[in-house]
Amino acid sequence: MPTVLLTGATGYIASHTWLALQAAGFSVVGVDDFSNSSPQVLARLQALSGMVPVFERVSVCDPAALDAIFQRHRIDAVVHFAAFKAVGESTQQPLAYYANNLGGLVATCQAMQRHGARAMVFSSSATVYGTPQYLPYDEAHPLAAMNVYGRTKLMGEQILRDLEASDPTW
């Protein structure tokens, strides 16, 4: 059974993804630092799934902690939700958002590379499109992030495009 590392695992969308991954037959290792969530989510996950969650309290900005997780668990893929997400706060604390959202993505990708995992689902945001030119958005829509949070997501997408261009095994 393939194992997925789920970052930002106790956030709202990630916790629902956790259950969906389990239902689809994946083993899930969750990581979160609880900066945007609560440890109580773990009890809810256990009650809903009937399984004790495999979870480690870790920041994705900590390369040594990520390496330890990859060493303890055979990680096949990553679903990356770990990020600060408040648009207003991002304009007041841009360095924190860049450090966490981009630093965490880079640290996660570097750990993946060191341990031979090359499959990632990255949670971006519609904020990368800015003011709609047309609706519904599609991938051909012009990119024009208008705030720090959106720019971290847009830059994250570019980092991943550059990574895949440099190594098609990603």
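In this report, the structure presented in the accompanying data block is examined. Everything quoted here is computed from the prediction, not taken from an experiment.

Quick look at the overall build of the chain
Assigned secondary structure in the chain consists of 6 helices and 5 strands. Going from the N terminus to the C terminus, the chain shows its helices and strands as β-α-β-α-β-α-β-α-α-β-α. Scaling as 2.2 N^0.38, a compact globule of 170 residues should have a C-alpha radius of gyration of about 15 Å, and the chain matches this with 16 Å. Across the 170 residues that make up the chain, the buried fraction comes to 45%. Total accessible area on the chain stands at roughly 8,700 Å², and carbon and sulfur atoms take up 59% of it.

A look at the packing of helix α1 (residues 12-23) against helix α2 (residues 40-49)
The angle between the axes and the distance between the axes are what describe a pair of packed helices. Between α1 and α2, the shortest axis-to-axis distance is 11 Å and the interhelical angle comes to 30°. It follows that α1 is roughly parallel to α2 by the angle criterion. α2 is crossed by α1, and the crossing has right-handed handedness. For the pair α1 and α2, the contacting residues are Ser15, Trp18, Leu19 and Gln22 in the first and Val41, Leu42, Leu45, Leu48 and Ser49 in the second. Its residues assigned to classes, the contact of α1 with α2 comprises 6 nonpolar, 3 polar and no charged.

Considering the pattern of salt bridges
Under the criterion given, the structure shown has 5 salt bridges. Of the charged contacts, one joins arginine 72 and glutamate 56 as a salt bridge, the two residues approaching to 2.4 Å between their closest N and O atoms. Within this pair, whereas arginine 72 is found in helix α3 (residues 63-72), its partner glutamate 56 is found in strand β3 (residues 54-57), the two being separated by 16 residues in sequence. Using a relative accessible area of 15% as the deciding quantity, one classes glutamate 56 as buried. Its salt-bridge partner being glutamate 157, residue arginine 161 comes within 3.7 Å of it at the nearest N-O pair. Of this pair, arginine 161 and glutamate 157 both sit in helix α6 (residues 148-166), 4 residues apart, which is roughly one turn of the helix. Of the residues examined, arginine 161 reaches a relative accessible area of 39% and is grouped as partly exposed. Overall, glutamate 157 belongs to the buried group, its relative accessible area being 17%.

Quick word on α6
The terminal C-alpha atoms of α6, which comprises 19 residues, lie 27 Å apart, in line with the 27 Å expected from a rise of 1.5 Å per residue. Among all positions in α6, only Val148, Tyr149, Gly150, Thr152, Lys153, Leu154, Gly156, Glu157, Leu160 and Leu163 are buried. Buried residues along α6 sit against α4 (87-92), α5 (94-114) and β5 (119-122). Put simply, asparagine 147 is the residue that caps the front of α6, since its side-chain oxygen is 3.2 Å from the backbone nitrogen of tyrosine 149.

Quick word on the side chain of serine 125
Relative to the helices and strands, serine 125 resides in the loop between β5 and α6. There is a polar contact of 2.9 Å between the side chain of serine 125 and the side chain of threonine 127. The contact partners of serine 125, leaving out residues within four places of it in the chain, are Tyr149 and Lys153.

Here's the deal with α2
Because each turn of an α-helix spans 3.6 residues, side chains separated by three or four positions end up pointing in the same direction. If you check which residues of α2 are buried, you get Val41, Leu42 and Leu45. The buried residues of α2 occupy an angular sector of 105° when the element is viewed end-on, so they sit on one face. Summarising the geometry of α2, the exposed residues directed more than 90 degrees from the buried face are Gln40 and Ala47. Phi for glycine 50, located one or two positions after α2, is positive at around 75°.

Some words on the packing of aromatic side chains
In the structure shown here, the tally under the stated rule is 3 aromatic pairs. Look at tyrosine 129 and tyrosine 137: their rings are 4.7 Å apart centre to centre, the planes differ by 25°, and that puts the pair in the stacked class. Overall, the relative accessible area of 15% leaves tyrosine 129 in the buried class.

Cut-offs used in this document
- Residues numbered from 1 in each chain as written.
- Predicted model: local features only at pLDDT ≥ 70, side-chain atom pairs only at ≥ 80, totals over all residues.
- Heavy atoms only, no water.
- Helix = DSSP H or I, 4+ residues; strand = E, 2+ residues; numbered from the N terminus.
- Rg over C-alpha atoms; globule rule 2.2 N^0.38 Å.
- Buried < 20%, exposed > 50% of the residue type's maximum accessible area, 1.4 Å probe, protein only.
- Areas by Shrake-Rupley, 256 points an atom, 1.4 Å probe, with all protein chains shown as cover.
- Axes fitted to C-alpha atoms, helices over the stretch in contact; angles between N-to-C directions.
- Parallel < 35°, antiparallel > 145°, perpendicular 65-115°, else oblique.
- Left-handed = near helix turned anticlockwise from the far one by under 90°.
- Contact = heavy atoms within 4.5 Å.
- Nonpolar A, V, L, I, M, F, W, Y, C, P; charged D, E, K, R; others polar.
- Salt bridge = Lys/Arg side-chain N within 4 Å of Asp/Glu carboxyl O.
- Expected span 1.5 Å × (residues − 1).
- Polar contact = N/O pair within 3.5 Å; in protein donor to acceptor, adjacent residues only side chain to side chain.
- Arc of directions from axis to C-beta.
- Phe/Tyr/Trp six-rings, centres within 6.5 Å; stacked < 30°, edge-to-face > 60°.

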